[in-house]
Amino acid sequence: METPFVEGITLDRFLMDTLRDHPGASGTFVNLMQSIALAGKMISARVNRAGLSGLLGGTGETNVQGEFVQKLDVYANETFKKALEHGGHTCMVVSEEEDEPILTPERFHSGKYVVTVDPLDGSSNIDVNATIGTIFGVFRRKTAEGTKATLEDVIRPGQDLVAAGYVIYGSGTILILATEHGVHGFSLDPMVGEFFLSHPHIQTPPTSTTYSLNEAYYHQFPPGTRAYVDRLREPKRGYGTRYIGTLIADFHRNLLKGGIFLYPATAKNPQGKLRLLYEAFPTAYIVERAGGAATNGKQRILDLVPKTLHDRTPLVIGGKAEVEEATALMSAEP
Ligand code: P6P
């Protein structure tokens, strides 16, 4: 897909142009996105210098997920929280790295947005210089502005998201933002410290010849999932596999080039491994606005409601036709 570089449109200018389309808007969302972009630039700078600044490796701690916490996980989490806590736009942050929601200081309880974040997805790839990323979702609060935000503001259907996106730290740093106005990508020019519009109006191909899956778990998959993978392996389908092991890197490639990503239920993770609130919801919101689809193998991801902040879910996400074919087989399984 040709992505014509759009000369000189910065993220700020893009957001201000969008704001002008909403005369009644307060500009708070623009401020929120500027704070997220700042956090993305700071994390990008640290990721790119991690090997030179002693930020590789683990902290020796484990997080609420029971996963080993990497030094860059802590940096990314702290950076994102600081960027959001004092902007006046956010009343609560839910992070993969935090057991409980983070409430912004009382003077910011007027903040109208709740932000969910996986501060650094793909931590296991940090030390080997593979692509990693920050994933975020944005809800408009349900509780009254000026009051303390509660779980009611975030234990809700993914359909309630008003925006979602990610910052991917690979050969370059790209911020993807999805709103009601579509999905757009902005590439960071580190020379000037600005994100420039580089991927306008992203639409994901409905079919492809790529699937992303950890095939080592094939024998742990339920029968319907195995039946779908068997179909993909048929020579006449012409599929190849691409699997980086960082959700947002596999998702980004498939979003642009086409492809289906599956992290199904396994014997080891019967509810799936990926987190519903801050991994599946944002990627499902993005892919649907790019013309794709996302299910848990049975139901549309955005129709689901988490029971707890850190619920896990199976995830099937990508081109519409491919997700429909996979879901038809997977939903037939018990
Ligand atoms: P596996 C990274 O640790 C992660 O949470 C996702 O980003 C990625 O898609 C998945 O786990 C990889 O899991 O079991 O294939 O190593």
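Note that the coordinates shown come from a computational prediction; the quantities given were computed from them, not determined experimentally.

S.K.: Mind laying out the domain arrangement of the protein, listing which residues take part and the relevant values?
M.R.: Under the domain assignment, the protein is made up of domain 1 (11-199) and domain 2 (210-330). The gap between the C-alpha centroids of domain 1 and domain 2 is 23 Å. Between domain 1 and domain 2, a total of about 2,800 Å² is buried, with carbon and sulfur atoms accounting for 65% of that surface. The largest share of the area that domain 1 buries against domain 2 comes from Ile 135, Ile 155 and Tyr 166, three residues that together contribute 18% of it. Between the two partners, domain 1 and domain 2, sit 1 salt bridge. In this structure, Glu 96 and Arg 275 form a salt bridge, with 2.6 Å as the shortest nitrogen-oxygen distance. The tally of links from domain 1 across to domain 2 stands at 14 residue pairs in polar contact (both at pLDDT 80 or more). Breaking the side of domain 1 that touches domain 2 down by element, the ones donating at least two residues are β3 (90-95), β5 (113-121), β6 (132-140), β7 (161-169) and β8 (173-179). For the side of domain 1 that touches domain 2, the per-class residue count stands at 22 nonpolar, 13 polar and 9 charged.

S.K.: Could you give an account of the pairing of β6, naming the residues involved and the relevant values?
M.R.: Taken across its 9 residues, β6 has 8 buried, putting it largely inside the fold. Bridge analysis of β5 against β6 gives 7 bridges, and the strand direction is antiparallel. Bridge pairing links Thr 116 to Gly 137 in β6. In terms of strand pairing, β6 meets β7 through 8 bridges, oriented antiparallel.

About the criteria used
- Residues numbered from 1 in each chain as written.
- Predicted model: local features only at pLDDT ≥ 70, side-chain atom pairs only at ≥ 80, totals over all residues.
- Heavy atoms only, no water.
- Domains from an automatic or database assignment.
- Buried area = accessible area lost by both parts, 1.4 Å probe.
- Salt bridge = Lys/Arg side-chain N within 4 Å of Asp/Glu carboxyl O.
- Polar contact = N/O pair within 3.5 Å; in protein donor to acceptor, adjacent residues only side chain to side chain.
- Helix = DSSP H or I, 4+ residues; strand = E, 2+ residues; numbered from the N terminus.
- Nonpolar A, V, L, I, M, F, W, Y, C, P; charged D, E, K, R; others polar.
- Buried < 20%, exposed > 50% of the residue type's maximum accessible area, 1.4 Å probe, protein only.
- Pairing = 2+ DSSP bridges.

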